[in-house]
Amino acid sequence: MTHDMHSSNRARAIELLCQAQARGDLSVEAFEARFGLIQQAQNDAAIEAIVADLMDYEETGFETAGALEPYRPYEPTPTRVPAVGDPDDALRLTAALRSNKRDGRWTVPPRIKCLVILGSLTLDFRHALFTSEAVDIEISSFMGEVIIIAPLEVEVQNECQRFISDVSHKRNKRALHEPREFLIMVHGDLRLSDLTIKEKEVLPPGAPKGITGRLKAWLGRR
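The notes below deal with the structure included here. A quick note: this is a predicted structure, and the numbers were derived from the prediction, not measured. (Residues numbered from 1 in each chain as written. Predicted model: local features only at pLDDT ≥ 70, side-chain atom pairs only at ≥ 80, totals over all residues. Heavy atoms only, no water.)

**Here's the deal with the overall build of the chain**
In terms of helices and strands, the chain carries four helices and 13 strands. With 222 residues in all, the chain has 39% of them scored as buried. Roughly 12800 Å² of accessible area belongs to the chain as shown, and the carbon and sulfur atoms make up 51% of that amount. (Helix = DSSP H or I, 4+ residues; strand = E, 2+ residues; numbered from the N terminus. Buried < 20%, exposed > 50% of the residue type's maximum accessible area, 1.4 Å probe, protein only. Areas by Shrake-Rupley, 256 points an atom, 1.4 Å probe, with all protein chains shown as cover.)

**So, the sheet that holds strand β8 (residues 145-151)**
Pairing is parallel across the open sheet formed by five strands, whose spatial order is β2-β5-β8-β13-β11. Of all the strands in the sheet, just β2 (99-102) and β11 (166-170) have a single pairing partner and so form its edges. Taken pair by pair, the neighbouring strands of this sheet meet at an average axis angle of 5°, ignoring direction. (Pairing = 2+ DSSP bridges. Axes fitted to C-alpha atoms, helices over the stretch in contact; angles between N-to-C directions.)

**Here's the deal with the packing of aromatic side chains**
A complete count under the given rule lists five aromatic pairs for this structure. For the pair Phe35 and Phe142, a centre-to-centre distance of 5.2 Å together with 75° between the ring planes defines the contact as edge-to-face. Remark: Phe142 occurs in strand β7 (residues 134-142) and Phe35 occurs in helix α2 (residues 28-40); sequence separation between them is 107 residues. Exposure remark for Phe35: the relative accessible area of 8% places this residue in the buried category. Judged by its relative accessible area of 22%, Phe142 is partly exposed. Centroid distance Phe130 to Phe182: 4.6 Å. Interplanar angle 15°. Geometry classified as stacked. Of this pair, Phe130 sits in strand β6 (residues 129-130) while Phe182 sits in strand β12 (residues 182-191), placing them 52 residues apart in sequence. (Phe/Tyr/Trp six-rings, centres within 6.5 Å; stacked < 30°, edge-to-face > 60°.)

**Let's talk about the pattern of salt bridges**
Applying the stated criterion across every chain yields a total of five salt bridges. For the salt bridge of Arg12 with Glu15, the shortest nitrogen-to-oxygen distance reads 3.7 Å. Remark: Glu15 and Arg12 occur in helix α1 (residues 3-23); sequence separation between them is three residues, near one turn of the helix. According to the relative accessible area criterion, Glu15 is partly exposed, its value standing at 36%. Across the pair Asp53 and Arg34 runs a salt bridge, and its minimum N-O distance is 2.9 Å. You can see Asp53 sitting in the loop between α3 (44-50) and β1 (91-96) and its partner Arg34 sitting in helix α2, a full 19 residues away along the chain. The class for Asp53 is partly exposed, based on a relative accessible area of 28%. Judged by its relative accessible area of 0%, Arg34 falls in the buried class. (Salt bridge = Lys/Arg side-chain N within 4 Å of Asp/Glu carboxyl O.)

This is the structure:
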């Protein structure tokens, strides 16, 4: 087995973990335990065994597949959310080993759950359509980056728990004098991650951008 193939199988196993956690099939603790085991695994058989119970063997995505017993030397064991009667209708966004972005004219539900693993997630609300006056965003990030861009009429409050993580909230001076029509509450866990919150003015279509563009427009009017 080549090194490239071994790396591909490790990445595929991490992707399976992310998908299972995003579905609610794995708790955060179980996810972290398996993630650590995958990083320490020495061969493809060991990697496959760690995620054996999460795999569809008709289409595993692994270079070598075998009927291996699930490898479970940890606690707690995965818990599966009931498929029927689940009241959780949150929008689930995942950025695992990649970048993900929501911007433009998109519909914002009352609840959003974000899972970021070695990736980057951007939520741009400047042109979004809000379905409620308050939006609850739950973030679970490990070695990731989350960027939230909000217009001036949206108040963003951050209550995330941090472990060796950086949080930056760049407030716009005009936002202090603008009426706030919507509230975004951000909470969850940041581990070795960065969270950046930006407040930006929404310009009309065709408006000049940046200081230079606005100066030229002002000089043109003069």
